[in-house]
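Listed below, chain by chain, are the residues.
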4 protein chains.
Amino acid sequence: MSLNTFGRAFRFTTWGESHGPALGVVIDGCPPGVLLKAEDIQSALDRRKPGGSKFVTQRKEPDAVKILSGIFEDDRTEGPRTTGAPISLMIENVDQRSKDYADIRDKYRPGHADFTYDAKYGFRDYRGGGRSSARETAARVAAGAVAEKALGVLLPDPVWIRACLVQMGPHKIDRANFDWAQIDKNPFWCPDAEAAALWEEKLDAARKAGSSMGAVIEVVAAGVPAGLGAPVYGKLDADLASAMMSINAAKAVEIGAGMEAAALSGEENADEIRIRNGAPHFLSNKAGGVLGGISTGQELVVRFAVKPTSSILTPRRTITRGGEETEIQTKGRHDPCVGIRGVPVGAAMMALVLADHAMLHRGNVGDGHLKQRN
Amino acid sequence: MSLNTFGRAFRFTTWGESHGPALGVVIDGCPPGVLLKAEDIQSALDRRKPGGSKFVTQRKEPDAVKILSGIFEDDRTEGPRTTGAPISLMIENVDQRSKDYADIRDKYRPGHADFTYDAKYGFRDYRGGGRSSARETAARVAAGAVAEKALGVLLPDPVWIRACLVQMGPHKIDRANFDWAQIDKNPFWCPDAEAAALWEEKLDAARKAGSSMGAVIEVVAAGVPAGLGAPVYGKLDADLASAMMSINAAKAVEIGAGMEAAALSGEENADEIRIRNGAPHFLSNKAGGVLGGISTGQELVVRFAVKPTSSILTPRRTITRGGEETEIQTKGRHDPCVGIRGVPVGAAMMALVLADHAMLHRGNVGDGHLKQRN
Amino acid sequence: MSLNTFGRAFRFTTWGESHGPALGVVIDGCPPGVLLKAEDIQSALDRRKPGGSKFVTQRKEPDAVKILSGIFEDDRTEGPRTTGAPISLMIENVDQRSKDYADIRDKYRPGHADFTYDAKYGFRDYRGGGRSSARETAARVAAGAVAEKALGVLLPDPVWIRACLVQMGPHKIDRANFDWAQIDKNPFWCPDAEAAALWEEKLDAARKAGSSMGAVIEVVAAGVPAGLGAPVYGKLDADLASAMMSINAAKAVEIGAGMEAAALSGEENADEIRIRNGAPHFLSNKAGGVLGGISTGQELVVRFAVKPTSSILTPRRTITRGGEETEIQTKGRHDPCVGIRGVPVGAAMMALVLADHAMLHRGNVGDGHLKQRN
Amino acid sequence: MSLNTFGRAFRFTTWGESHGPALGVVIDGCPPGVLLKAEDIQSALDRRKPGGSKFVTQRKEPDAVKILSGIFEDDRTEGPRTTGAPISLMIENVDQRSKDYADIRDKYRPGHADFTYDAKYGFRDYRGGGRSSARETAARVAAGAVAEKALGVLLPDPVWIRACLVQMGPHKIDRANFDWAQIDKNPFWCPDAEAAALWEEKLDAARKAGSSMGAVIEVVAAGVPAGLGAPVYGKLDADLASAMMSINAAKAVEIGAGMEAAALSGEENADEIRIRNGAPHFLSNKAGGVLGGISTGQELVVRFAVKPTSSILTPRRTITRGGEETEIQTKGRHDPCVGIRGVPVGAAMMALVLADHAMLHRGNVGDGHLKQRN
């Protein structure tokens, strides 16, 4: 229940299908007093927007966002501010290509949710994947932009959230080359200029061969104070795992050392603590910024693996809705590596999880009577 | 907000600390009519119980469970059956060793939640880790045993949930040797007899060296029908990721191909479908039994990595509560590889997630008026 | 906290302010396969629409609803059907009169939420009451129309939900005159033609005197099967109490005999049961169709009292935002008796609570594999 | 769907049946640092305890509470303090009289939940009403005592919660005689000494006649700051309505003027505001301390009506489980007026609702890093 909602205190509910008139999100629990304009959200959406290079879908969507509720401006507010009421954001769909869906309406595309949606609902909107389409992530990115603004009010220090691609197909970056400044200089959000050059070649080859590639995304948050999170089932890392695994095509989530943690020695893992600049400093941060489900004040480091795009030109064997064996070839405008667009989505989910845990700490700010005593 | 509760429809809330008088769980949402005896739960707890070999903590806990509510028996019921009311289970703590906690009360053990609990709450029960202790997982295993019984009522076919260790430290099993029959024949739940022999040697060496080892656990559920799960934020795999990452010391979760999915080609990933024995059959099951957040009817395959035990004899540098730099050596009765006890816990979490999604499908069974029309 | 969300399994979240660009609702948890057109919702909205008579606000709002997601139609579906995905409904605001809000921006209107919103948020959208405006109930009525359609799929027999005004100011209807056929024949949804005539006179006098009147609304649901509801904190009557008390200006909720139940004798209250037409029949239904939080299969009877409209022309003493004593006179287009528009809202909330409990029983219908075994 | 849980941020889950081994409650969300001893809870339970006079059930239950988790004491804490972990409370059942339940196992007692539990679950624990028994309210009173202690930490000023009986059967108190000091001087928590004398006579007569009486309980909270609550579906009054209606035998809930609000004139209702002692003062408090779902800082006033005890000696016509018409006479140890024990239960629910909303405001106190900036 509340299956299209994420979060406990800073909650958002997304709605919309790939080929419906619009998609959107309602955010319930944003604190009052946050300065918020449509442009703040638009710039985040523009980073995710399809149509930017030959490595993402050629569907042209302006992804223009409208704020329908939850903000108010008068001559005393220095711009529109959130009021504490639900914030409703809407993005109209423009470029739903009128195509013939006869092929996928009766056949299940391998790797897609066609079969499982039919198994669950007995009925599905097959146009462009309907609700299971990655277009839903536009709503997450919009919500994430609001969360990032809210963090500015909720936390004592600025939080800096960044994401990048650290692996495409089998090709990992060289950590020695890691440079955040590189991520805007190639179409892959790749922090290693050499790897980016190789990836361009490999991905182009895969695209031309009617194939696709997977990827690993890394999301890092700096400036998160120690003490965010909760024990047992509200763990910050458990929430991050759920958040990242809910992204289309994700198949694994790692915190800190991740799968490699299993191979560490006890001494390597028991990360030593010193005082640096007057604050606790963890020497290795193998834990990725979380211990016992609660933030340590070190960098929060999360990675998730995304499988290759399931829509490929190479024909695949499958079955029909009626249970007949058949074959399918998925044409259309598809990303050869959906992981690329996963980068802004991963960053958005990080902001949303942090805003939720920040709200769990503070309750509603803006409260007149109570705040003095907090 | 319900930070010690897991699940939406089959919900459970655990309580208790390592050194309190007892620990337990309340299950709310179990369907009525499930035959349930304390022995059903006890046998699951016995599998997790500490004190079984030199590779797990030497703390001796009988872990005897009491059912305090939610079942009823009369001469018409063939044994106690659940009534639909909350099921309260309690396990008394017996072997809390009366030791001097002066060392850890003022020093933060590296790799543990000592520092973060203080950062969050400003105050903590330091005896044996308090609420962050792995003793909490006894309550999960007890709840998991109830979930497994409930699945017998909720799903059309029997579900078979098994778990094993597929990696200890850097040493992986050889998949060619995989044999479920082996897991009860060694102290590691290892399905590869050769690997088990090597692990015994390696873990003994680590233990004697005052170190510890990590592990990777694999949990498999067979017999799950297609159609369990939900879109977007209630995805079966997102819930499994949250469930497994909430287990003490977990640092990564994989579904199906997991991290390796990033390196697959588009063709390998787009798992072809055929009809076998009249039902859809996926040729590779790289997806691990989930597409679009909903089960495919194939085996559900989840893995999680557990870091090495943080309590090690080797001295480590750390800080005190007051912010002084110091050193700590963790004595006491600790598992050299906590991953071993993660095996029954992982299986329990799988059962609990499945029971939750099965309830989301069915609503409350046992309903007289409505069930005919379902 | 989901403070703008109602329901557990059939959940809806409303958004929007009185003077924002639009208002709306997202429904999450509607079963798939329900035939749903905008007209189904529009006809419910038209019953609530302001501007219908001199006894409701003169604000002219077409309240035209758009369905933005969650339905799908192709040549096999006999019209648009719900898919199980979230249903997003939007109603644009048209007649926000551009007036000077200087008066209420700095003064608190007695009986309104102006003071409390400022106390909570420190900041408020004062245009027409912002989020606290009764315009929010348009979103409830729209959601209620969807709930009513869903009940047709969820329950075995048709459910007939009706509501009426049984008291205006101090003037109650005569139960001997009760006739459902009357409610569409007067502007008050009054089931007693004689009372309606009196009310017209009294309300007109109050309006002209710059005053306003309260009312009591009765909502009845027939055809609800026995067995809907839940024990303790998920009681059907507790949910109805919360639902009705959440309606603007509501100050009391009664189930069955309500406040009068306190004055019954034990014999009158212990409602005798007989078999009639093969089904249990309760002779008095003093319980109003609920025992122990679960429906009895008899008519479900709920009443709620609504206070007089707080916006009145008669000047009232109040304070300013800055804490100065002052006076205020509320001009503008206000209902002399907001209770009248509470009638369709109460009926909508009844449908929404029933749909929620019906879903709790059934889980997701439309599931292919599981339904045979339910 | 957490049907045995109440609250959003300060949540509690009760468990246990009338004739099971024990009953209890788990509180999740209590802030850390609250001084809490078993005696604090015990004294609240003693006020509710059966066996106190001839006007309540003669069942003798010590209702001795044990705190099983969530508190910690060392030489620095001045007594046991809450840690932020779940607080588990248990009360063992002692005096379950071993009687023959043959009569009620197959017959439905009118006014009780026997029939509806069978309709819902198809199966029920009929011993003493099982889960539907008023014994569950002992767990609420225990939780309420914790909530009251938590309010001392959560709110700026002391909150004073009191409850009394203002009507028994048709006999109301005289408001002119209202004196809180009277409530401990009679067995009815009656604030009017004259009314108490009359009630004693009337209730004794009803008891001897094999009948029972209903009652109206009033709960008042003073010292609640303005700004607690939330808009729309998280309204303070909607939560109070749900809380009070969830109490066994409750049939109506009123806030402030309640049902009488319908009969007020617009001027009477639009409660004027002045400044008194530097704070806003509402002249009539007809609103009962809530406007727009948020507290006004005035006294919070709630009433609920409780129907007469359904278990009466006078024989009543009913049906059997098998659908046969029959008759039943309920013997056993029953309260002639269950409303009397509703007084401490109503006060407990008030404390629990307030603690929940206070937590929604504050988030987790005790947080080291963040609190300075709140």
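Described below are features of the structure shown in this document.

### Quick word on the interface of chain C and chain D
Piece 1. Taken together, the contacts link 99 residues of chain C with 99 residues of chain D.
Piece 2. Summed over both sides, the interface between chain C and chain D buries roughly 8,200 Å², with carbon and sulfur atoms accounting for 62% of that surface.
Piece 3. Interface area lost by chain C to chain D is led by Tyr233, Lys251 and Met259 of chain C, which between them contribute 10%.
Piece 4. Summed over the shared surface of chain C and chain D, the result is 49 residue pairs in polar contact (both at pLDDT 80 or more).

### What about the sheet that holds strand 3 (residues 22-28) of chain C?
Pairing between the strands of a sheet is mediated by backbone hydrogen bonds and can be parallel or antiparallel.
All names here are of chain C.
Piece 1. Strand order in the open sheet formed by 5 strands is 1-2-3-7-4, and the pairing between neighbours is antiparallel. Two strands lie at the open edges of the sheet, namely strand 1 (5-6) and strand 4 (65-67), each paired on one side alone.
Piece 2. Note that strand 3 and strand 7 (residues 87-92) share 6 bridges and pair antiparallel. Following the sheet pairing, alanine 22 is matched in strand 7 by glutamate 92.
Piece 3. Here helix 1 (residues 38-48) sits on the sheet and contacts strand 4 and strand 7; the angle it forms with strand 4, its principal contact strand, is near 155°.
Piece 4. Across the sheet, helix 4 (residues 136-154) lies against strand 2 (11-16), strand 3 and strand 7, angled at about 35° from strand 3, the strand it touches most.

### With respect to helix 3 (residues 114-121) of chain B
Think of an α-helix as turning once every 3.6 residues; residues three or four places apart then point the same way.
Residue and element names in this part refer to chain B.
Piece 1. Burial runs high along helix 3: 8 of the 8 residues are buried.
Piece 2. Along helix 3, the residues classified as buried are Asp114, Phe115, Thr116, Tyr117, Asp118, Ala119, Lys120 and Tyr121.
Piece 3. Remark: glycine 122 follows helix 3 within two positions and exhibits a positive phi of approximately 70°.

### Brief notes about the sheet that holds strand 1 (residues 5-6) of chain D
Residues and elements named next belong to chain D.
Piece 1. Ordered by their spatial adjacency, 5 strands build an open sheet running 1-2-3-7-4, and the pairing between neighbours is antiparallel. Looking at which strands have only one partner, the edges of the open sheet turn out to be strand 1 and strand 4 (65-67).
Piece 2. Bridge count for strand 1 against strand 2 (residues 11-16) is 2 bridges, and the pairing is antiparallel. Directly across from threonine 5, in strand 2, lies its bridge partner threonine 13.
Piece 3. Contacts between helix 1 (residues 38-48) and the sheet are confined to strand 4 and strand 7 (87-92), with strand 4 contributing the most and set at about 155° to the helix.

### Some details on the nonpolar core
Piece 1. One finds Leu354 of chain C together with Leu354 of chain D to be the most contacted residues of the largest nonpolar core, which totals 194 residues.
Piece 2. What leucine 354 of chain D contacts, discounting residues up to four positions off in sequence, is Leu151, Val159, Ile161, Ala221, Val224, Leu228, Leu236 and Leu300 of chain D.
Piece 3. One finds Cys30 and Ala348 of chain A together with Met244 and Ile255 of chain B within the second-largest nonpolar core, a separate group that totals 193 residues.

### As for the side chain of serine 295 of chain A
Piece 1. One can find serine 295 of chain A in strand 15 (residues 294-295).
Piece 2. Relative accessible area serves as the criterion here: at 1%, serine 295 of chain A is assigned to the buried category.
Piece 3. In this structure the side chain of serine 295 of chain A is engaged in a polar contact, spanning 2.6 Å, whose partner is the backbone oxygen of proline 225 of chain A.
Piece 4. Among residues more than four places away in sequence, those in contact with serine 295 of chain A are Val224, Pro225, Ala226, Gly227, Leu228, Leu236, Gly289 and Val290 of chain A together with Thr116 of chain B.

### Some remarks on the relation of the copies chain C and chain D
Piece 1. Of the two same-sequence chains, chain C is brought onto chain D (RMSD 0.0 Å, axial shift 0.0 Å) by a rotation of 180°. Here the two chains are linked by the operation of a two-fold rotation axis.
Piece 2. A shared interface surface links the copies, since 100% of the contact residues of chain C are contact residues in chain D too.

### Details of the pairing of strand 12 (residues 273-276) of chain D
All names here are of chain D.
Piece 1. Note: strand 12 against strand 13 (residues 279-282), 4 bridges, orientation antiparallel. By the bridge assignment, isoleucine 273 is partnered in strand 13 with phenylalanine 282.
Piece 2. In this antiparallel pair of consecutive strands, strand 12 and strand 13, the connection spans 2 residues, and asparagine 277 shows a positive phi of 50°.

### Quick notes on unusual backbone geometry
Piece 1. With a phi close to 50°, aspartate 63 of chain A is a non-glycine residue in the positive phi region.
Piece 2. Looking at the secondary structure, you find aspartate 63 of chain A in the loop between helix 1 (38-48) and strand 4 (65-67).

### Examining the packing of aromatic side chains
Piece 1. Under the counting rule described, the total for this entry stands at 40 aromatic pairs over all chains.
Piece 2. Arranged with centres 6.1 Å apart and planes meeting at 70°, the rings of phenylalanine 188 of chain A and tryptophan 199 of chain A form a pair that is edge-to-face. With phenylalanine 188 of chain A in the loop between strand 9 (171-172) and helix 5 (193-208) and tryptophan 199 of chain A in helix 5, this residue pair connects regions lying 11 residues apart in the sequence.
Piece 3. The class of phenylalanine 188 of chain A is buried, set by a relative accessible area of 0%.
Piece 4. Among the aromatic residues, those joined into a ring-pair cluster are Phe6 and Phe12 of chain A together with Tyr233 of chain B.

### Here we look at the packing of helix 1 (residues 38-48) of chain B against helix 4 (residues 136-154) of chain B
Residues and elements named next belong to chain B.
Piece 1. Following both chains from N to C, one finds helix 1 and helix 4 inclined at 135°, their axes separated by 9 Å at the closest point. What the angle tells us is that helix 1 and helix 4 run oblique. The crossing of helix 1 and helix 4 is right-handed. Residues Asp40, Ile41, Ala44, Leu45 and Arg48 of helix 1 form the contact with helix 4, whose own contacting residues are Thr137, Ala138, Val141, Ala142, Ala145, Val146 and Lys149.

### Remarks on the pattern of salt bridges
Piece 1. Using the criterion set out here, one finds 101 salt bridges over all chains in the structure.
Piece 2. Ionic pairing is found between glutamate 299 of chain B and arginine 162 of chain B, a salt bridge with its closest N-O pair at 3.9 Å. One end of the pair, glutamate 299 of chain B, is in the loop between strand 15 (294-295) and strand 16 (300-306); the other, arginine 162 of chain B, is in strand 8 (residues 160-168), with 137 residues separating them in the sequence.
Piece 3. Note on glutamate 299 of chain B: relative accessible area 37%, which makes it partly exposed.
Piece 4. The shortest N-O distance in the salt bridge between arginine 105 of chain C and aspartate 106 of chain C comes to 3.6 Å.
Piece 5. The class of arginine 105 of chain C is buried, set by a relative accessible area of 19%.
Piece 6. Looking at aspartate 106 of chain C, the relative accessible area reads 28%, which means it is partly exposed.
Piece 7. Here the salt bridges share partners, and the residues they tie into one network are Asp74, Asp75 and Arg76 of chain A together with Arg105 and Asp106 of chain C.

Quick notes on the rules
- Residues numbered from 1 in each chain as written.
- Chains lettered and ligands numbered in written order.
- Predicted model: local features only at pLDDT ≥ 70, side-chain atom pairs only at ≥ 80, totals over all residues.
- Heavy atoms only, no water.
- Contact = heavy atoms within 4.5 Å.
- Buried area = accessible area lost by both parts, 1.4 Å probe.
- Polar contact = N/O pair within 3.5 Å; in protein donor to acceptor, adjacent residues only side chain to side chain.
- Pairing = 2+ DSSP bridges.
- Helix = DSSP H or I, 4+ residues; strand = E, 2+ residues; numbered from the N terminus.
- Axes fitted to C-alpha atoms, helices over the stretch in contact; angles between N-to-C directions.
- Buried < 20%, exposed > 50% of the residue type's maximum accessible area, 1.4 Å probe, protein only.
- Core = buried A, V, L, I, M, F, W, Y, C linked by side-chain atoms within 4.5 Å.
- Least-squares fit on C-alpha atoms with pLDDT ≥ 70 in both.
- Phe/Tyr/Trp six-rings, centres within 6.5 Å; stacked < 30°, edge-to-face > 60°.
- Parallel < 35°, antiparallel > 145°, perpendicular 65-115°, else oblique.
- Left-handed = near helix turned anticlockwise from the far one by under 90°.
- Salt bridge = Lys/Arg side-chain N within 4 Å of Asp/Glu carboxyl O.

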